[in-house]
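Coordinate inspection notes
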Amino acid sequence: MRVIAAAVLMMCLVPGGLMAQRGQMQMNRRAQLEQRIVQRFMDQSSREIGLDARERGRVEAWLQSSQERRRNLAADAAETRRRLMAAVVDPQTDDATFASLLDEFETIREREHRQWQQDQTELKSLLPPRKRAQLTVRLLRLQETIRSMIEERREPGGGPGGPGVEGADPRAGPVFAPGSRRSGRGRAGSAL
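Note that the structure is predicted; figures quoted are calculated from it, not measured.

1. Some remarks on the overall build of the protein chain
When helices and strands are tallied, the protein chain shows four helices and zero strands. Counting helices and strands in the order they occur from the N terminus, the protein chain gives α-α-α-α. The burial tally for the protein chain puts 33% of its 192 residues in the buried class. Excluding contacts between residues fewer than 6 apart, the proportion of contacts in the protein chain whose partners are at least 24 apart in sequence is 63%. Surface accessibility of the protein chain: about 12,100 Å² in total, with carbon and sulfur atoms responsible for 57%.

2. Examining the packing of helix H2 (residues 53-89) against helix H3 (residues 95-124)
Interaxial distance between H2 and H3 falls to 10 Å at its minimum, and their mutual angle equals 165 degrees. With respect to each other, H2 and H3 are oriented roughly antiparallel. For the pair H2 and H3, the crossing hand works out as left-handed.

3. Some words on H3
Helix length check: H3 (30 residues) gives 43 Å between terminal C-alpha atoms against 44 Å at 1.5 Å per residue, within 8%. Where H3 is concerned, the buried positions are Leu101, Phe105, Ile108, Arg109, Glu112, Gln115, Trp116, Asp119, Gln120 and Leu123.

4. Concerning the confidence of the model for the protein chain
Of all residues in the protein chain, 68% have pLDDT values of 70 or greater, and the mean over the chain is 75. Across the protein chain, the secondary-structure element scoring lowest on mean pLDDT is helix H1 (residues 2-50), at 70, and the one scoring highest is H3, at 93. The low-confidence segment residues 158-192, where pLDDT is below 50, has 105 contacts with residues more than four positions distant or belonging to other chains.

5. A look at the pattern of salt bridges
Taken as a whole and assessed by the stated rule, the structure comprises eleven salt bridges. One network of salt bridges, in which partners are shared, links Asp43, Arg56 and Glu60.

6. Some words on the nonpolar core
Ranked by size, the top nonpolar core spans 16 residues in total, and within it Phe41, Met42, Trp62, Leu63, Leu127, Leu135 and Leu139 carry the most contacts. Taken together, the elements giving at least two residues each to this core come down to H1, H2 and helix H4 (129-153). With five residues, the single largest contributor to this core is H4.

7. Describing the environment of arginine 70
Note on placement: arginine 70 falls in helix H2. Overall, arginine 70 belongs to the buried group, its relative accessible area being 1%. C-alpha separation for the pair arginine 70 and tryptophan 116, spaced 46 residues apart in sequence, amounts to 9.7 Å. A distance of 2.3 Å separates the side chain of arginine 70 from the side chain of serine 66, its partner in a polar contact.

Definitions and limits used
Residues numbered from 1 in each chain as written. Predicted model: local features only at pLDDT ≥ 70, side-chain atom pairs only at ≥ 80, totals over all residues. Heavy atoms only, no water. Helix = DSSP H or I, 4+ residues; strand = E, 2+ residues; numbered from the N terminus. Buried < 20%, exposed > 50% of the residue type's maximum accessible area, 1.4 Å probe, protein only. Contact = heavy atoms within 4.5 Å. Areas by Shrake-Rupley, 256 points an atom, 1.4 Å probe, with all protein chains shown as cover. Axes fitted to C-alpha atoms, helices over the stretch in contact; angles between N-to-C directions. Parallel < 35°, antiparallel > 145°, perpendicular 65-115°, else oblique. Left-handed = near helix turned anticlockwise from the far one by under 90°. Expected span 1.5 Å × (residues − 1). pLDDT = per-residue confidence, 0-100. Salt bridge = Lys/Arg side-chain N within 4 Å of Asp/Glu carboxyl O. Core = buried A, V, L, I, M, F, W, Y, C linked by side-chain atoms within 4.5 Å. Polar contact = N/O pair within 3.5 Å; in protein donor to acceptor, adjacent residues only side chain to side chain.

Structure, rendered in structure tokens:
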């Protein structure tokens, strides 16, 4: 009897352990991919903008330090967006829930705007205005590329809320969004 109980326990634990291991592997791959993207972005930016070694080092350090703030904002926005879409398709959702979710969106957009302002203040100390403007344009282009890639990854026909919603990466969202307006959605994503 103990042998059977031990076998059942092992069968229950192994899949969980494998799932945790798989999740960690995905997180490691994501971190490696992010690092390669940042490195490539910095290589191209250095050439195109003419960043010297000192400027490049400072911008790269700034970019890496601000990634976590942007990632957290994007995750919060994605979670709130997911909850709003689920509420919209649920006929039992009351007005108070909608009001609360919309208030959450407003708070997230305010946080994104404050982050954009903080990022711009930090960049002012790193680069002269022309190079800062060029870097901003490059970050906007990168953001649009990432948005396009995210859209391509979404499932056709999607779930609640329309095409692509179900297949979206819950962490997906703008990575380098400097408060631009896009498709009538207000300030898009996390701050630059």
